[in-house]
Amino acid sequence: MSLLATLMRRSPDRADTLFLASVAALYFELLTIRYLCTEVRLFTNLKNLPLIACFFGIGVGMIFGKPKTRLLSAFPWAALVFFSVIRYAAWLHLPNNDISWTYDLSQAPVQQSAARVLYAVRFLGLVFGLCSLIVALFVVMGGFVGEPLKRMPALKGYGINLAGGLAGVVLFSALALFNFGPPVWLLVGFLLLVPFFPRVTPIVLFVLTILAVAVPQPNTLWSPYYRIDVVALPSPPGSNDIAGYSVVTNHVWYQFLADLSQEFLQKYPNAEPNRSLAPYYELPYRLVPHPRNVLILGAGTGNDVAAALRHSAQHIDAVELDPVILQLGRRFHPENPYQSSKVTTHVDDARAFLKTTRDRYDLVVFAFLDSTTLLSGFSSLRLDNYVYTVESFRNARDVLAPNGTLVLSFATGRNFATDRLYASMAKAFGVAPTAYFTRYWVNGVLLVEGQARTALIPELFNVSQELGSRDNVILATDHWPFLYLQNRSIPASILTVSALFLLIGWAILRRLDLLGGSTDLFYYHFFFLGAGFLLLATRAVTQMSLLFGSTWIVNAVVISAFLLMALTSNAVAACLNVPRTLSYGLLLLFLVADFWFPYSLVSGTSLGTRTVLGGGWIALPVFFSGLIFSGSLARVGHPAEVLGINLFGAMVGGILENAVMVGGTQILGALAISLYVMSAIPILLHREADFASTIGRVLLGTTANPK
């Protein structure tokens, strides 16, 4: 490592320096978003804000180039403070709610006006305090990228930057695959940074940061989606028998892993939460007493699977998104449901499984699928958004046997989400479901479609007529899948934070005099290209989730594919002079045609067909966008400044992504088209200016030298 550091000090323009800096920047970007949004719950529904802060910091750093000595000295201390605050967020009593599950700050857990104002001030202070640390950290890492980038040919430097970013994504994804947690994330990340900090003091501070984060957290696991805490439930009085476990994901209670067998309940009739849980898991089998073939979506740690086995199911397909949660069920569930030969487990997205299975089921159970995290830092969608749409319920209808029944449970009680679930299911089946409110252990709702729709559960309150009388209920669809958003609007919390971030960012850029040189028309060209590219990435995440499922691997593949496609287009631009007019024409053609692309038909095909047709279609606009960017970069040069301006545009694109809450996913394509058209305007104006200049020189030359 010391040899590499020596080489880097002697040759700051080396390609390996740029590559390593690019790996570190994108690696820490993914690390920051994942860790912060897990531990500080205020960021759960503001997940793209840390992404925007990363873009802003890297952009500023790339334009500045080599970080100043003061910034370099402050970096290890800022990292120690930032990651320690994240690790000890609970000890510091930082707000641990996620702005309520409807995204809205107005739902904060305070009632009095003065208290709500104080809560809002504390909320904004925490958000911008942590974002300031993010910006400070990434200004330094952006400088590590920008300095060697300025010393290299534009396309070569950009290509190395893309290759390094791709390696950073692959590296962090590999750690997620093997379920490593924050101490390992930081160990790998700081090893990447050590060559840039050859002195002893920063390395000591890096070690202290790792040790601070690595303080043992008993019974804590990390999956590709969640931090998972498992706590054993108290044994029944006078017994050492295991009653079960409580599972918490991202600091939000997820489920009980409990023994609900008749033997246990007869032996310990007053054991809690077992006594209260048992009636809930029995509900589907009150309606369908002895199903032959059962599908459980959101099987979790196995309570639903155990219930199906208790009721003589012959075969059970158990679908669970998170492999670690599934493994917990295999290891700890007292009834050992996953050891049964009747059970087949599938680590998959529920919606993806519905679209690809060829089996038919007597009973389909939508277990509690509500996630506690968003799909991606690029998107406003939660992991479960596409499971509760009209189209998803149609997929579920299609896998029912002729006399099959669908049962859906959700802890929504009497609110708009229940109305939306009811109306969306009625739209999908063409007949309204039977609906009950449940109060066994949560204030929930039970919806029933299919053969058992007319069956009755006397002790439950039937609310079918009440829910059926609701007017103007907004349906959840694949184009607008926001189950948890009350109206087609951007919540005040997101609007406020986004507006303030833009205002503060603009003020910082003005103060640092980073906007002075950006009056050149081509800088606006790169700015709008960055904004458009970010929306292309968001659009790809949403479309790929429909094709392949809302899984972490899909998100990683999308980011990697984007970087790989940009790398390919950069190589093409280095070898061929592709006219920008052609690239723009094909880019806009594919973006417009995407409004009519039959994703619903492609999603039901084989994996190979989906990959070639769906994935290829989504990737083509990225390729032509990359050709435009690389072609313009070759003409303009100044790669560090250009990429910095491009990232500022991506920052604005990240904020514009929130418009999906109003216009649905299709608005992403419309916004991307608008931004790419705006990126072409500076080129047209530049050509007109060149043409006018040429005419002027001809005229002046004619006047000065008359024939």
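Residues numbered from 1 in each chain as written. Predicted model: local features only at pLDDT ≥ 70, side-chain atom pairs only at ≥ 80, totals over all residues. Heavy atoms only, no water.

This paragraph deals with the overall build of the chain. On a plain count of helices and strands, the chain comes out with 25 helices and twelve strands. Burial analysis of the chain (707 residues in total) assigns 59% to the buried set. Pairs at least 24 apart in sequence give 77% of the contacts found in the chain among residues at least 6 apart. Only carbon and sulfur atoms are counted for the fraction: they give 63% of the accessible area of the chain, which is about 28,500 Å². (Helix = DSSP H or I, 4+ residues; strand = E, 2+ residues; numbered from the N terminus. Buried < 20%, exposed > 50% of the residue type's maximum accessible area, 1.4 Å probe, protein only. Contact = heavy atoms within 4.5 Å. Areas by Shrake-Rupley, 256 points an atom, 1.4 Å probe, with all protein chains shown as cover.)

With that settled, the discussion passes to the side chain of Asp419. Locating Asp419 in the fold gives a position in helix α15 (residues 416-429). For Asp419, a relative accessible area of 15% translates into the label buried. Those residues in contact with Asp419 that sit more than four places away from it in its chain are Leu467, Arg470 and Val473.

What follows covers the nonpolar core. Across soluble globular proteins, nonpolar side chains show a tendency to be buried alongside one another. Phe28, Phe83 and Leu193 are the most contacted members of the largest nonpolar core, which totals 140 residues. Ranked by the residues each element gives to this core, the list is headed by helix α5 (residues 113-150), at 17 residues. Contacts of Leu193, omitting those with residues within four sequence positions, involve Ala24, Phe28, Phe75, Met141 and Phe206. Formed by 39 residues, the second largest nonpolar core is a distinct cluster that contains Leu283, Val305, Phe368 and Val407. (Core = buried A, V, L, I, M, F, W, Y, C linked by side-chain atoms within 4.5 Å.)

Next up on the list: the packing of aromatic side chains. Applying the stated criterion across every chain yields a total of 37 aromatic pairs. An angle of 40 degrees between the planes, with centres 5.8 Å apart, marks the rings of Phe56 and Phe648 as tilted. Of this pair, Phe56 sits in helix α3 (residues 48-64) while Phe648 sits in helix α23 (residues 639-656); the two residues are 592 residues apart in sequence, bridging distant segments of the chain. Plain terms: the ring middles of Tyr388 and Phe410 are 5.0 Å apart, the flat faces sit at 80 degrees to each other, and that makes the pair edge-to-face. Note that Tyr388 is positioned in the loop between β8 (361-366) and α14 (390-398) and Phe410 in strand β9 (residues 400-410), a separation of 22 residues in sequence. Note on Tyr388: relative accessible area 1%, which makes it buried. For Phe410, a relative accessible area of 3% translates into the label buried. A network of ring pairs unites the aromatic residues Tyr27, Phe28, Tyr35, Phe75, Phe144, Phe172, Trp185, Phe190, Phe196, Phe197, Phe206 and Trp222 as a single cluster. (Phe/Tyr/Trp six-rings, centres within 6.5 Å; stacked < 30°, edge-to-face > 60°.)

The strand order across the open sheet built from four strands is β1-β2-β3-β4, with neighbouring strands paired in antiparallel fashion. Because the sheet does not close on itself, it has two edges, and the strands there are β1 (220-222) and β4 (252-258). Mean inter-strand twist for the sheet, computed between neighbouring axes without regard to direction, equals 25 degrees. Strands β1 and β2 (227-232) of the sheet are contacted by helix α2 (residues 15-39), whose axis makes an angle of about 145 degrees with β1. (Pairing = 2+ DSSP bridges. Axes fitted to C-alpha atoms, helices over the stretch in contact; angles between N-to-C directions.)

Next up on the list: the confidence of the model for the chain. With 88% of its residues at a pLDDT of 70 or more, the chain has an overall mean of 84. Within the chain, the lowest mean pLDDT, 45, falls on helix α1 (residues 2-10), and the highest, 97, falls on strand β5 (residues 293-297). For the stretch residues 1-12, pLDDT sits under 50, and the model shows 18 contacts to residues farther than four places along the chain or on other chains. Note that residues 702-707 has pLDDT below 50 and, in this model, zero contacts with residues that lie over four places away or in other chains. (pLDDT = per-residue confidence, 0-100.)

Turning our attention to the state of the cysteines. For the structure shown, the criterion picks out zero disulfides. With no disulfide partner, Cys131 has as its closest neighbouring cysteine sulfur the one in Cys54, 8.8 Å distant. (Disulfide = S-S within 2.5 Å.)

It is the contact of α2 with α3, at a shortest axis distance of 9 Å, that shows an interaxial angle of 150 degrees. As the angle between them shows, α2 and α3 are arranged roughly antiparallel. Regarding α2 and α3, the two cross each other, and that crossing is right-handed. Taken together, the residues of α3 that come into contact with α2 (itself represented by Ala25, Glu29, Ile33, Leu36 and Cys37) are Pro50, Leu51, Cys54, Phe55 and Ile58. (Parallel < 35°, antiparallel > 145°, perpendicular 65-115°, else oblique. Left-handed = near helix turned anticlockwise from the far one by under 90°.)

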